[in-house]
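# Analysis of the macromolecular model
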Amino acid sequence: MLASLRKNGIRLALFAIGCTALVAITDHFTRQQIAFQESENLQQKLSQMLPPGSYDNELSNSCRLLINPDYLGDNRPHPIYVARKGSKVSGLIIESIAPNGYSGAIRLLTGITADGKISRVQVLEHRETPGLGDKIDRSKSSWIDSFNNQSLHGATDPRWAVKRDGGMFDAFTGATITPRAVVAAVKRVLLLVQEQPALIEQAKSCQESP
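Reference entry: report on the structure contained in this document. (Residues numbered from 1 in each chain as written. Predicted model: local features only at pLDDT ≥ 70, side-chain atom pairs only at ≥ 80, totals over all residues. Heavy atoms only, no water.)

### Digging into the packing of aromatic side chains
How we decide: Note on aromatic pairs: the rings of Phe, Tyr and Trp (six-membered ring only in Trp) are paired at centre separations within 6.5 Å, and the planes decide the class, stacked below 30 degrees, edge-to-face beyond 60, tilted for the rest. Burial here depends on accessible area, computed with a 1.4 Å probe over protein chains only, as a share of the maximum for the residue type. Under 20% is buried, over 50% is exposed, and the range in between is partly exposed.
Across all of its chains, the model carries 5 aromatic pairs by this definition. Taking the centre distance of 5.5 Å and the plane angle of 90° together, the rings of tryptophan 143 and phenylalanine 147 count as edge-to-face. Side by side, tryptophan 143 and phenylalanine 147 carry an identical accessibility label, which is buried. Taken together, the ring pairs connect Trp143, Phe147, Trp160, Phe169 and Phe172 into an aromatic cluster.

Here it is as structure tokens:
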């Protein structure tokens, strides 16, 4: 009886060890696959943010992290990707938050060329109302492309507002809050580049940051 119980106990222990090892191995390779997929997705997004041929470095390897709620929208570290052509900086790709969307924070990616013009704005994440505020999403409308080739003439530039507020950007019928939040967030990113370039230069690289 004892021998049978011992034998069954050993079998159960071996089975448990085998299952644990299988889970660990699966988790290891799944984690690698997820990390690879995330890296591929990031590379694809970054490749769309600046004009083709305007840089020759690997953008994902030229990443800095900056915390600045005044310019970037919240207290979290946000990546800034520095594009270079040879030894010269040819553009920046900056992640930021529009904290005051109608349904919460809107995460944005903004590409800026060396002459201070916007090359592209991409909405990375939002929870805006379907059929109204979600028109900030490029898959829903072309509104977000109205930032392309725009520049900012200082903090008091009156053009950087929705038309209802006297600016140059369209609002959405029944959903002014959302475009107003995005316009303000993109303006703050341009102000960061214009007013505080040293903050970007001094920010730690993503590899150095914990």
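Back to the text.
### Remarks on unusual backbone geometry
Where the residue is not glycine, phi is negative for most of them; where a peptide bond is considered, it is trans in most cases. Of note, the phi angle at asparagine 149 is positive, near 70°, even though the residue is not glycine. Owing to a relative accessible area of 59%, asparagine 149 belongs among the exposed residues under this scheme.

### Description of the pattern of salt bridges
Heads up, the rule is: We define a salt bridge as a side-chain nitrogen of Lys or Arg found within 4 Å of a carboxyl oxygen belonging to Asp or Glu. By definition, any uninterrupted DSSP run of H or I lasting at least four residues is a helix, any uninterrupted run of E lasting at least two residues is a strand, and each is numbered from the N terminus.
On inspection of all chains with the given rule, the structure shows 7 salt bridges. A salt bridge links arginine 107 to glutamate 95, with the nearest nitrogen and oxygen atoms 3.2 Å apart. In this pair, arginine 107 sits in strand E4 (residues 104-113) while glutamate 95 sits in strand E3 (residues 88-101), placing the two residues 12 residues apart along the sequence. Residue classification places arginine 107 among the partly exposed residues on the basis of a relative accessible area of 25%. The shortest N-O distance in the salt bridge between aspartate 145 and arginine 138 comes to 2.8 Å. Classification of arginine 138 as partly exposed rests on a relative accessible area of 22%. It is possible to trace a salt-bridge network through shared partners that takes in Glu95, Arg107 and Glu125.

### Re the side chain of asparagine 68
Condition: We define a polar contact as two N or O atoms separated by no more than 3.5 Å, with the added condition that, inside protein, one atom must be a possible hydrogen donor and the other a possible acceptor, whereas residues neighbouring each other in sequence contribute only through side-chain atom pairs. Note on definitions: a residue-residue contact is assigned when non-hydrogen atoms from the two residues lie within 4.5 Å.
Tracing the chain through its elements places asparagine 68 in the loop between strand E1 (63-66) and helix H2 (69-72). Within the structure, the side chain of asparagine 68 is placed 3.1 Å from the backbone nitrogen of tyrosine 71, a separation counted as a polar contact. In this structure, asparagine 68 is in contact with Gly73, Asp74 and Leu199, ignoring residues within four places of it in sequence.

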